Amino acid sequence: MNRTCPGRRRNRLSAIFFIQEEICLNQLLHTPEGVRDIYSDECERKLILENRLHRVFQSYGFHPIQTPTFEFFDIFGKEIGTTPSKDLYKFFDREGNTLVLRPDFTPSIARCASKYYMEDTTPIRFCYQGNTFINNSSYQGLLKETTQSGAELIGDGSVGADAEMIALTVQLLLKAGLKEFQISVGHVDFLKGLFEAADLGEDTEEEIRELLLNRNFYGVEDIISHCGLGDDLNYLFGLLKDVMLTREKITEAQERARDFPKICAALKRLEQLEDLLRVYGVDQYVFYEMAMVSGLNYYTGIIFSGYTFGSGEAVVKGGRYDRLLEYFGKSAPAIGFVIVIDQLMNALQRQNIRIPFENKTKWFVYSEKRRDEAIRDALVLRREGEHVEMMPVTDENTAESYRQRAGQFRIQDVIYYI
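What counts, and where the lines are drawn
- Residues numbered from 1 in each chain as written.
- Predicted model: local features only at pLDDT ≥ 70, side-chain atom pairs only at ≥ 80, totals over all residues.
- Heavy atoms only, no water.
- Axes fitted to C-alpha atoms, helices over the stretch in contact; angles between N-to-C directions.
- Helix = DSSP H or I, 4+ residues; strand = E, 2+ residues; numbered from the N terminus.
- Parallel < 35°, antiparallel > 145°, perpendicular 65-115°, else oblique.
- Left-handed = near helix turned anticlockwise from the far one by under 90°.
- Contact = heavy atoms within 4.5 Å.
- Nonpolar A, V, L, I, M, F, W, Y, C, P; charged D, E, K, R; others polar.
- Polar contact = N/O pair within 3.5 Å; in protein donor to acceptor, adjacent residues only side chain to side chain.
- Pairing = 2+ DSSP bridges.
- Right-handed = clockwise from strand over helix to strand, strands pointing away.
- Core = buried A, V, L, I, M, F, W, Y, C linked by side-chain atoms within 4.5 Å.
- Buried < 20%, exposed > 50% of the residue type's maximum accessible area, 1.4 Å probe, protein only.
- Phe/Tyr/Trp six-rings, centres within 6.5 Å; stacked < 30°, edge-to-face > 60°.
- Lys NZ or Arg CZ within 6 Å of the ring centre and 35° of its normal.

## Concerning the packing of helix 9 (residues 247-256) against helix 10 (residues 261-280)
Between two packed helices, both the angle of their axes relative to each other and the distance between the axes serve to describe the pair.
Phase 1 of the analysis: Between helix 9 and helix 10, whose axes approach to 9 Å, the crossing angle comes to 150°. When the axis of helix 9 is compared with that of helix 10, the two are roughly antiparallel. Handedness of the helix 9/helix 10 crossing: left-handed. Contacts between helix 9 and helix 10 pair Arg247, Ile250, Thr251, Ala253 and Gln254 from the former with Cys264, Leu267, Lys268, Leu270, Glu271, Glu274, Asp275 and Arg278 from the latter.
Phase 2 of the analysis: Looking at side-chain class alone, the contact of helix 9 with helix 10 contains five nonpolar, two polar and six charged residues.

## Side note on the side chain of Ser108
Phase 1 of the analysis: Looking at where Ser108 falls in the secondary structure, it is placed in helix 3 (residues 106-116).
Phase 2 of the analysis: Engagement of the side chain of Ser108 in a polar contact is seen with the side chain of Glu71, the distance being 2.9 Å.
Phase 3 of the analysis: In this structure, Ser108 is in contact with Thr67, Glu71, Ile75 and Phe76, ignoring residues within four places of it in sequence.

## Remarks on the pairing of strand 13 (residues 387-392)
Phase 1 of the analysis: In this structure, strand 12 (residues 361-366) lies alongside strand 13, joined through six bridges in parallel fashion. In the sheet register, Trp363 faces strand 13, and the bridge partner there is Glu389.
Phase 2 of the analysis: For the segment spanning strand 12, helix 12 (residues 371-383) and strand 13, crossover handedness is right-handed.

## Considerations on the packing of helix 4 (residues 159-176) against helix 10
Phase 1 of the analysis: The N-to-C vectors of helix 4 and helix 10 enclose an angle of 50°; their axes lie 9 Å apart at closest approach. Between helix 4 and helix 10, the angle is such that the two are oblique. For the element pair helix 4 and helix 10, the recorded crossing hand is right-handed. Judged by residue contacts, Val159, Gly160, Asp162, Ala163, Glu164, Ile166 and Ala167 of helix 4 engage Arg269, Gln272, Leu273, Leu276, Leu277 and Tyr280 from helix 10.

## Brief notes about the nonpolar core
Phase 1 of the analysis: Ranked by internal contacts, the top residues of the largest apolar core, which has 72 residues, are Val185, Phe190, Leu240, Leu273, Tyr288 and Phe337.
Phase 2 of the analysis: At eleven residues, the largest contribution of residues to this core is made by helix 4.
Phase 3 of the analysis: Residue contacts for Tyr288: discarding those within four places in its chain leaves Val185, Asp242, Val243, Met244, Leu245, Ile250, Leu270, Leu273, Glu274 and Leu277.
Phase 4 of the analysis: Listed in part, the 27 residues of the second largest apolar core include Ile75, Phe126, Val188 and Ile303.

## Notes on the packing of aromatic side chains
Phase 1 of the analysis: All chains considered together, the criterion is met by twelve aromatic pairs.
Phase 2 of the analysis: Consider the rings of Phe304 and Phe337, whose centres lie 6.2 Å apart with planes at 55°: the pair is tilted. Taken together, the residues span a long stretch of sequence, with Phe304 in strand 9 (residues 302-308) and Phe337 in strand 11 (residues 334-340) at a distance of 33 residues. As far as the burial class goes, Phe304 and Phe337 line up, both buried.
Phase 3 of the analysis: Through successive ring pairs, a cluster of aromatic residues spans Phe57, Phe62, Phe304 and Phe337.
Phase 4 of the analysis: Here Arg125 stacks its cationic end above the ring of Phe62, 5.9 Å away from the centre of that ring.
Phase 5 of the analysis: For Arg256, the ring lying beneath its charged end belongs to Tyr235, and the centroid distance is 4.3 Å.

## Digging into the sheet that holds strand 13
Phase 1 of the analysis: Strand order in the open sheet formed by three strands is 13-12-14, and the pairing between neighbours is parallel. Because the sheet does not close on itself, it has two edges, and the strands there are strand 13 and strand 14 (413-417). Neighbour-to-neighbour, the strand axes of the sheet open up by a mean angle of 25°, direction not taken into account.
Phase 2 of the analysis: Pairing of strand 12 with strand 14, which is carried by five bridges, proceeds in the parallel orientation. Looking at the pairing, Lys362 lines up with Asp413 of strand 14.

Written out as structure tokens, the structure is:
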């Protein structure tokens, strides 16, 4: 019979408990997958960037709005065309209502505008900043919580509103510090018009959408080549692989689309948009791409995305949604966009574009006998707008250790009350 020494058994149990404690401690110290801590200089620079963007929004007459971090599930339901249910963070309140952490600001803003401005026909401009939550697959490697800063223009369905929002987007990216970027603009009715004219069937249409989302233009070309379409439709489908459509090609495409009103109207809108963007002086940043497809189904007109070096994802996403507010009882056209702050910060870092940040903090290092004097002096400086941190001298934190660490924390000045 094998017998285990009691002392050895105790040692083994102690080791097991130690390992369990280590696992519990790691769980306490680490964040869940898809979220991260932002601290120190990175957090300071992020706040500076957000303030920069907010000032640009204000210069265009946009007014701040804050909506709840969570809403009723129906605000982001399938009928509205927002984020798929499987990607939502859902939970219940005490009454059993299904609630959702917001994955997208636009439906919340639409609800809010419908509630408080139901009868108002004057264009409304909102800007906002906050976090959104999407339960992406772990294999995608994307953040599940992101910070967004955006704007919505409600009650103006004109091409002038389209141009204003794109011009605003350009100014925001320039103010952030980017020098090289592009805004890709498309129109959802171009692809819808192609599908209606070609009568391909739902399965084929969905296959083409998936191919476009994956930028597989040759796959689309292969499908269309077997559909027996006419020359004009083949030509128009061929424009899907052109990611930098010129004004001349848009004009030519209108001639080819004369028998397809929806396609023709979409192209005409882009032509008018181009004229206004030249007035704004931002046309050099804008390119036209008919293959643009959004994962949000509430878009009805132009859609656009902003891209730059150092970010694998778009730093800007937006478009027109003229029927979204109808779900909340208000009939009003609208257009909006968001800047994904996390993607923008990554791009700035990888392009070596630094957001200037100067730590203006002073350390008051004091002993107990001069504590009162240090407090009074700190109060005076704080009233004058200075940043003062009180640092007591202890056995563990000596005056000399503070002196050494001040450089590590880039403290502007250290004043001793010893």
